[in-house]
Amino acid sequence: MLKILLARLSQGHRTTGFPDVEPALPERFRGRPTLDPTRCPDGCAACIAACPTGAIARDDRRGLALDLGRCLFCTDCTAACPEGAIAYTADYRLAARRRDELFARAPGEPPGLRELALGAELRRLFGRSLKLRQVSAGGCNGCEADVNVLGTVVFDLGRFGIQIVASPRHADGLLITGPVTQNMRLALQKTYDAVPDPKIVIAVGACAISGGPYLDHPEVANGADAVVPLDLYIPGCPPYPYTILEGLIGLLGKSRPPPPRP
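Residues numbered from 1 in each chain as written. Predicted model: local features only at pLDDT ≥ 70, side-chain atom pairs only at ≥ 80, totals over all residues. Heavy atoms only, no water.

## Concerning the nonpolar core
- Grouped together as the largest cluster of nonpolar side chains are 38 residues, with contacts concentrated most on I56, L66, I86, L174, I176, L188 and V228.
- Looking at this core, the elements that each hand over two or more residues are β3 (63-67), β4 (86-88), β8 (173-177), α6 (182-194), β9 (200-204) and α7 (206-210).
- Setting aside its immediate chain neighbours within four residues, V228 contacts I176, L188, Q189, Y192 and V201.
- Core analysis: the second largest hydrophobic core is formed by 29 residues, F18, L130, F155 and I244 among them. (Core = buried A, V, L, I, M, F, W, Y, C linked by side-chain atoms within 4.5 Å. Buried < 20%, exposed > 50% of the residue type's maximum accessible area, 1.4 Å probe, protein only. Helix = DSSP H or I, 4+ residues; strand = E, 2+ residues; numbered from the N terminus. Contact = heavy atoms within 4.5 Å.)

Written as structure tokens, this is what we have:
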């Protein structure tokens with residue numbers, strides 16, 4: 001026991017200061033993409049052709065657009081674009097309350113810089129104690145692993161009053177990962193039905209939002225909103241732990257507002 005206490009003392013304070021302190025992100029981190037259509041040669045569609053999930057599109061009225069709900073952050077688009085019209089930033093704030101808010105367009109305001117908080121009554125109910133049942137609906141374990149890591153001493157999800165619980169009957173909502181395979185569709189619906197009202201539902205990762213790389217496969221539902229209503233979308237493949245954490249605490253009105261855009 002003495003050795004354990006001495007080891008813990010030598011480790012010092014490990015819990016991040018987030019959200020009061022901006023997180024230190026790895027150099028290779030890929031956050032919200034930016035689009036600059038002024039760099040696109042006329043008629044070039046190299047990035048559109050390169051995207052494995054069809055996340056990039058162009059129309060005459062709104063120009064180039066990137067759907068973060070489908071984006072795998074794989075950089076195939078940036079490698080295919082000779083002009084650098086698409087680039088990934090270090091902005092980890094990607095969560096949105098509505099599906100149509102997950103579109104990065106240019107010119108225009110990128111997604112993620114908007115109000116995430118629930119209404120006043122739901123914040124009163126869940127603001128100090130939010131219990132979530134995690135459902136892996138056919139996931140590859142990437143998103144699941146980054147959700148699990150939030151329970152470590154570094155992120156300490158419990159300090160925000162958020163806890164992953166074993167039973168939907170003890171939960172206030174669901175946190176869903178995976179593209180919702182046909183084998184998991186009924187299980188997800190039954191789990192949702194078992195959560196008492198009022199409840200919230202959160203989709204984590206491109207698979208849970210749109211089907212991700214399995215989009216339009218006959219054995220998947222193309223995302224959780226084909227089965228249950230969603231209250232929060234957290235894109236990524238998988239989302240970085242800080243992206244998930246920012247979305248969860250933002251839902252409870254506890255996240256720090258982003259810095260003003262230049």
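This is not the end of the story, as more comes after the structure.
## Topic: helix α8 (residues 241-251)
- Within α8, 11 of the 11 residues are buried, which leaves the element mostly enclosed by the surrounding structure.
- Among the residues of α8, P241, Y242, T243, I244, L245, E246, G247, L248, I249, G250 and L251 are the ones counted as buried.
- Just downstream of α8 lies G253, where phi reads positive at about 75 degrees.

## Observations regarding the confidence of the model for the protein chain
- Per-residue confidence for the protein chain gives a mean pLDDT of 88; residues scoring 70 or more make up 92%.
- With pLDDT under 50 throughout, residues 108-113 is counted as low confidence; its partners more than four residues away or in other chains account for 17 contacts. (pLDDT = per-residue confidence, 0-100.)

## A few points about unusual backbone geometry
- Going from D197 to P198, the amide bond is cis rather than trans, its omega being -10 degrees.
- On the secondary structure map, P198 appears in the loop between α6 and β9.
- In this structure, P238 follows C237 across a cis peptide bond, with omega equal to -10 degrees.
- Residue position: P238 is located in the loop between β10 (232-234) and α8.
- Even without a glycine there, the phi angle at N141 is positive, about 90 degrees.
- By secondary structure assignment, the location of N141 is in the loop between β6 (130-136) and α5 (142-148).

## A short note on the sheet that holds β6
- As summarised here, the arrangement of the five strands in space is β7-β6-β8-β9-β10, forming an open sheet in which the pairing is parallel. Of all the strands in the sheet, just β7 (162-164) and β10 have a single pairing partner and so form its edges. Each strand axis lies, on average, 25 degrees off the axis of its neighbour in the sheet, ignoring direction.
- Taken together, the three bridges between β6 and β7 define a ladder with parallel strand orientation. Bridge pairing links K131 to Q163 in β7.
- α8 contacts β6, β7, β8, β9 and β10 of the sheet and is inclined by roughly 165 degrees relative to β10. (Pairing = 2+ DSSP bridges. Axes fitted to C-alpha atoms, helices over the stretch in contact; angles between N-to-C directions.)

## Section: a nonpolar patch on the surface
- Together, M1, I4 and L5 line one region of the surface with nonpolar side chains, adding up to about 370 Å² of accessible area.
- A residue is classified by how much of its surface remains accessible, and M1, at 70% relative accessible area, is exposed. (Patch = residues over 30% accessible without salt bridge, like charges linked within 9 Å, V, L, I, M, F, W, Y side chains within 5 Å. Areas by Shrake-Rupley, 256 points an atom, 1.4 Å probe, with all protein chains shown as cover. Salt bridge = Lys/Arg side-chain N within 4 Å of Asp/Glu carboxyl O.)

## Some points on the packing of aromatic side chains
- What the rule picks out here adds up to seven aromatic pairs.
- Both rings, one in F155 and one in Y242, keep their centres 5.1 Å apart while their planes meet at 70 degrees; by these two values the pair is edge-to-face. Residue F155 is located in the loop between α5 and β7, and its partner Y242 is located in helix α8; the two are separated by 87 residues in the primary sequence.
- The exposure class assigned to Y242 is buried, which follows from its relative accessible area of 7%. (Phe/Tyr/Trp six-rings, centres within 6.5 Å; stacked < 30°, edge-to-face > 60°.)

## Quick notes on the side chain of D172
- Tracing the backbone shows D172 in the loop between β7 and β8.
- No salt bridge is formed by the buried D172; the nearest opposite charge belongs to K131, separated by 6.8 Å.
- With near-sequence residues (within four places) excluded, D172 lies in contact with F126, S129, L130, K131, V195, P198, K199 and I200. (Lys, Arg positive; Asp, Glu negative; His and termini not counted.)

## Side note on the pairing of β9
- Counting buried residues along β9, five of its five residues qualify, which places the element largely inside the surrounding structure.
- Side chains I200, I202 and V204 of β9 all project onto a buried face; the interleaved residues V201 and A203 project onto the opposite face, where all are buried too.
- By the bridge criterion, four bridges tie β8 to β9 in an arrangement that is parallel. Note that in β9 the partner of L174 across the bridge is V201.
- What joins β8 to β9 is α6, and the crossover it makes is right-handed.
- Here β9 runs beside β10; their pairing, made up of three bridges, is parallel. Bridging from a neighbouring strand, I202 pairs with L232 of β10. (Right-handed = clockwise from strand over helix to strand, strands pointing away.)

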